[in-house]
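# What the coordinates show
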Amino acid sequence: MPSSRTDPLTREVVELIGTVVARYHEEYEEAAAAHALTGAQARVLGLLALEPTPMRKIAEQLKCEPSNVTGIIDRLESRGLVERRPDPADRRVKVAAPTEEGRETARRLRDSLRFAREPLGELTEVERTLLRDLLKRMLGEAPGDGRQEASRQDTT
């Protein structure tokens, strides 16, 4: 039977993670509003700025219904931030892609998010690497415990 982690340190870490997430979402919503976007529109635009993406895949990434993504894309398209185009790999599929204005808006939005970036900038590269590796480990994405990579960078 798995043990329940209810020690004071674990509770404190869970609370701190919750506070960080809440503050990030709050700043993200404020930044989106400053660009006359909803949080969902800003998230979609941010994803598309990385690469043109089929709407079904956007829905999977955002964990929402494809019909919701269609409405978001419609609104972004009406503002000239996004366009639909055929997928070069399968012309039956439409991908959403940012326009030049959409890429610029996504960049400005990303640059305006200071909550996490500024405190992270105060950490050393070793500390940021360790934090990244620990977060990946919590998400089940990183092999090992991250200590080896951090200690390797400590010596460089």
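For the structure itself, look to the data block above.
Below is a summary of the structure that appears in this document. Treat the numbers as computed from the prediction; the structure is a model and nothing was measured.

Thresholds applied
Residues numbered from 1 in each chain as written. Predicted model: local features only at pLDDT ≥ 70, side-chain atom pairs only at ≥ 80, totals over all residues. Heavy atoms only, no water. Pairing = 2+ DSSP bridges. Helix = DSSP H or I, 4+ residues; strand = E, 2+ residues; numbered from the N terminus. Contact = heavy atoms within 4.5 Å. Axes fitted to C-alpha atoms, helices over the stretch in contact; angles between N-to-C directions. Salt bridge = Lys/Arg side-chain N within 4 Å of Asp/Glu carboxyl O. Buried < 20%, exposed > 50% of the residue type's maximum accessible area, 1.4 Å probe, protein only. Phe/Tyr/Trp six-rings, centres within 6.5 Å; stacked < 30°, edge-to-face > 60°.

The three strands are arranged 1-3-2 in an open sheet whose pairing can be described as antiparallel. Each edge of the open sheet carries a strand with a single partner, namely strand 1 (53–54) and strand 2 (82–87). Pairing analysis gives two bridges linking strand 1 to strand 3 (residues 90–98), with the strands arranged antiparallel. Its bridge partner being in strand 3, P54 is matched across the sheet by V95. In the packing of helix 2 (residues 39–50) onto the sheet, the strands contacted are strand 1, strand 2 and strand 3, and the crossing angle to strand 3 comes to about 115°. Strand contacts of helix 4 (residues 66–78): strand 2 and strand 3, with the helix running at about 120° to strand 2, the strand carrying the most contacts.

Looking now at the pattern of salt bridges. As enumerated under the stated definition, the model contains 10 salt bridges in all. Here R103 and E100 are joined by a salt bridge, their closest N and O atoms 3.1 Å apart. With R103 and E100 both in helix 5 (residues 100–112) and three residues apart, this pair spans about one turn of that helix. Of the charged contacts, one joins E104 and R107 as a salt bridge, the two residues approaching to 2.4 Å between their closest N and O atoms. Within this pair, E104 and its partner R107 are both found in helix 5, separated by three residues, close to a single helical turn. Using a relative accessible area of 30% as the deciding quantity, one classes E104 as partly exposed. Given a relative accessible area of 33%, R107 falls into the partly exposed group.

Once that is clear, we can look at the packing of aromatic side chains. For the structure shown, the criterion picks out one aromatic pair. When the centroid spacing of 5.8 Å and the interplanar angle of 35° are considered together, the rings of Y24 and Y28 count as tilted. With Y24 and Y28 both in helix 1 (residues 8–34), this residue pair falls four residues apart, about one helical turn. What makes Y28 buried here is its relative accessible area of 10%.

Take the environment of A97 next. Within the secondary structure layout, A97 lies in strand 3. The exposure class of A97 is buried, given its relative accessible area of 0%. Here the alpha-carbon distance between A97 and L47, two residues 50 residues apart in the chain, equals 9.5 Å.

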